Structure formats: structure tokens, C-alpha cells
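# Residue-level structural notes
So you can see what is in the structure, the chains are spelled out below.
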Amino acid sequence: MKTRIPLTLYLTAAIAGTIAAFQMFGETRYYTTLYFWGLLIIQILLLLISHAIGDLVENARFINLSDEDKQTYLKSKGTPYWKRLWESAFKKQTPSEEKSLLIDHGFDGITELDNALPKWWIGLFYVTIIYCLAYLIAFTFTDYAHPDVEYLEESRIQIASIKEYEKTAPSVDLETAVYSQDNIIEGEQIFKTNCISCHSDNGKGGIGPNLTDNKWINIKQKTLFRNVFWMLENGSPNNPTMRPFIKDGIITGRDAEKLAAYIYHINQEKSTITVAEGGAAPQGTEATWDE
């Protein structure tokens, strides 16, 4: 009669399996749901009942064993389970057992043993197969382990945190706006949403003037960055098409700060897109900006 697997191992496997299943197929905060904890408690109770029934069956079988088998069983049960498992996985054959494994051929004094694969190797092989199947099913039929889904979820959280911050953050106006290279990337996205139809991609101009050269129709501030912010807030006195984006509620002061950073970047930190390169012809007068 074989000794049984300890209850702790069954409990560990059940808990780990339940967590893995909810991690792959459940909600993000599954551990806060009553369903998760209820299922876990039911599994534990069923395993305890099953183990108790196993004890009764084991006792009944033990009574029917011969005295010799009883002694062998008690000796086996006296050895800790993990020690028996370790010895089973890494046990080496005795010299007498090795003779029975010798294959009937040899070369240059070298003989071959008909050894089976080690149990630890076979166990590891089966674990990798099970893991591969579970991962394949989760990747194919759920959103678990999808880089795109994880990226979108992280982006959603970050955007939500930015919006939450902007609710309590002090408003940005012409006096408090500051140029920062960190705003260029976001400013480019705002530019593509609101400005590209008139000023074309990269600000090379089209319906609106070329934003990469040093000729400006409206010069209202001493620095380029503040001049762009002023235009976004008040619009162009010379052309109603250039609306007061901030006053009209199209963009916020913080958006204007980012947009002004991008326009400053393409005007001062990148080369001018000339007419030969597809840019619009210069309009207005030469501007001399303060640093």
C-alpha cells in the first residue's frame, strides 16, 4: 500500500491553481471579490473532507495487510514525504542493480547502462508542457499576457492619473507658462489634432504660415515661446481663422504650454523647412527674440 500525498501539497496546488486561473481569466482586482474567496474556501473544505475520507479508507486497508506489509508501510510512512520524493528523484542504483542494467556491448573498455531518464528531469519536462498549454490557451482566448492589452491598460491608468492631477494642478497662463523639452512630444500630438490642417505636418505651412522660419506676422511678446502662447490665447488680430484656442475652450492653458514648446522646438531647435523642401513662403517680418 502506497503512502498518500500530504494534504498541504493538495492545498498549495489548489490555491495556486485558483489564483492562476483568476489571474488569467478573471477581473483585475479579483482578490477583492466575494466569488474568489468563496471559491477558495469551498475548495479547501472539499479537500479537507476528501482527506478525511482518505484516512478512513487507509485505516480500513491497513487492517487487512499482513504483519510484514504493515511493518513495511509504517516504516515508509515514518520517512518524511519530501525526503522520499527527493530520494525518488535523485536516487542512484546500487552496484548490484547496476549490473542488471548493463547493455550487452562495449567499446574500448566503455560499457553502457540502460538507465531510465531521471524522475526530476521527467517531472520538469511535464511541468513545461503544462505551463506551455496554459499560457497558449490564455494568450489565445483571453487578454492575459498580451503586450498590446497591457500597454493600453497602463496608458489608460497614466492618462487617468494625468487628468486627476490636472483637476487640482494650478492653471497655466501667459505669466506662468515655462518652456520644457519634456512637453515637446505631447505638444506634437496636440499640434496634429488642432493645427496640422492649416500649418501642415512639421509646421511647414500651408493655409497658415510656415512656423519653422523666422518671419512672423504677429509679434506680441519678447520671446518666441510666450508669443506662441499669446497667439493660442488671443488668436490673430490679422486673421480670424487663427482662433483664440484657449479662450474658446478648445485647449487648456497646460495644453497651450505643451503646444508652444513643440512650436519653439521646430522653430529654434530644428532647421527651417524651406520652399525648396516643401515649406510655405515666409510671411511677415523678421523677428528678433529674447532668449
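Residues numbered from 1 in each chain as written. Predicted model: local features only at pLDDT ≥ 70, side-chain atom pairs only at ≥ 80, totals over all residues. Heavy atoms only, no water.

### Remarks on the overall build of the protein chain
- When its secondary structure is counted, the protein chain shows 11 helices and 4 strands.
- Taken over the C-alpha trace, the protein chain has a radius of gyration of 37 Å; the compact-globule value for 291 residues is 19 Å, which it surpasses by more than 25%.
- Across its three principal directions, the C-alpha atoms of the protein chain cover 110 × 65 × 30 Å.
- In the protein chain, buried positions account for 25% of the 291 residues.
- A fraction of 61% describes how many contacts in the protein chain between residues 6 or more apart in sequence connect residues 24 or more apart.
- Across the protein chain, the centroid of the 27 positively charged side chains sits 6 Å from that of the 36 negatively charged ones. (Helix = DSSP H or I, 4+ residues; strand = E, 2+ residues; numbered from the N terminus. Rg over C-alpha atoms; globule rule 2.2 N^0.38 Å. Buried < 20%, exposed > 50% of the residue type's maximum accessible area, 1.4 Å probe, protein only. Contact = heavy atoms within 4.5 Å. Lys, Arg positive; Asp, Glu negative; His and termini not counted. Charge placed at Lys NZ, Arg CZ, Asp CG, Glu CD.)

### Some details on the environment of Ala281
- The residue Ala281 is located in the loop between helix 11 (253-268) and strand 4 (285-286) in this model.
- A residue is classified by how much of its surface remains accessible, and Ala281, at 47% relative accessible area, is partly exposed.
- Each C-alpha atom of the pair Ala281 and Leu40 lies 72 Å from the other, and the pair is 241 residues apart in sequence.

### Some thoughts on the packing of aromatic side chains
- Within this structure, the stated rule accounts for 14 aromatic pairs.
- Centroid distance Trp121 to Phe125: 5.6 Å. Interplanar angle 15 degrees. Geometry classified as stacked. Of this pair, Trp121 and Phe125 both sit in helix 6 (residues 119-141), separated by 4 residues, roughly a single helical turn.
- Note on Trp121: relative accessible area 39%, which makes it partly exposed.
- Where Trp216 meets Trp289, the ring centres are 5.9 Å apart and the plane angle is 85 degrees; that geometry is what we call edge-to-face. Placement of the pair is Trp216 in strand 3 (residues 215-216) and Trp289 in the segment after strand 4, with a sequence separation of 73 residues. Here Trp216 and Trp289 have matching classes, each one buried.
- An aromatic cluster is present here, built from Phe22, Tyr30, Tyr31, Tyr35, Phe36 and Trp37 joined pairwise through their rings.
- Its guanidinium or amino end placed over the ring of Phe245, Arg243 lies 5.2 Å from that ring's centre, counting from NZ or CZ. (Phe/Tyr/Trp six-rings, centres within 6.5 Å; stacked < 30°, edge-to-face > 60°. Lys NZ or Arg CZ within 6 Å of the ring centre and 35° of its normal.)

### Focus: the UniProt feature "transmembrane region" (unreviewed entry) in the protein chain
- With numbering matched to this structure, UniProt assigns "transmembrane region" (unreviewed entry) to residues 7-26, 32-53 and 120-141.
- In residues 32-53, the share of helix is 91% and the share of strand is 0%. The end C-alpha atoms are 33 Å apart.
- Between the C-alpha atoms that bound residues 120-141 the distance is 32 Å, and the span itself is 100% helix and 0% strand. (UniProt positions renumbered as here; feature names shortened; annotations may be inferred.)

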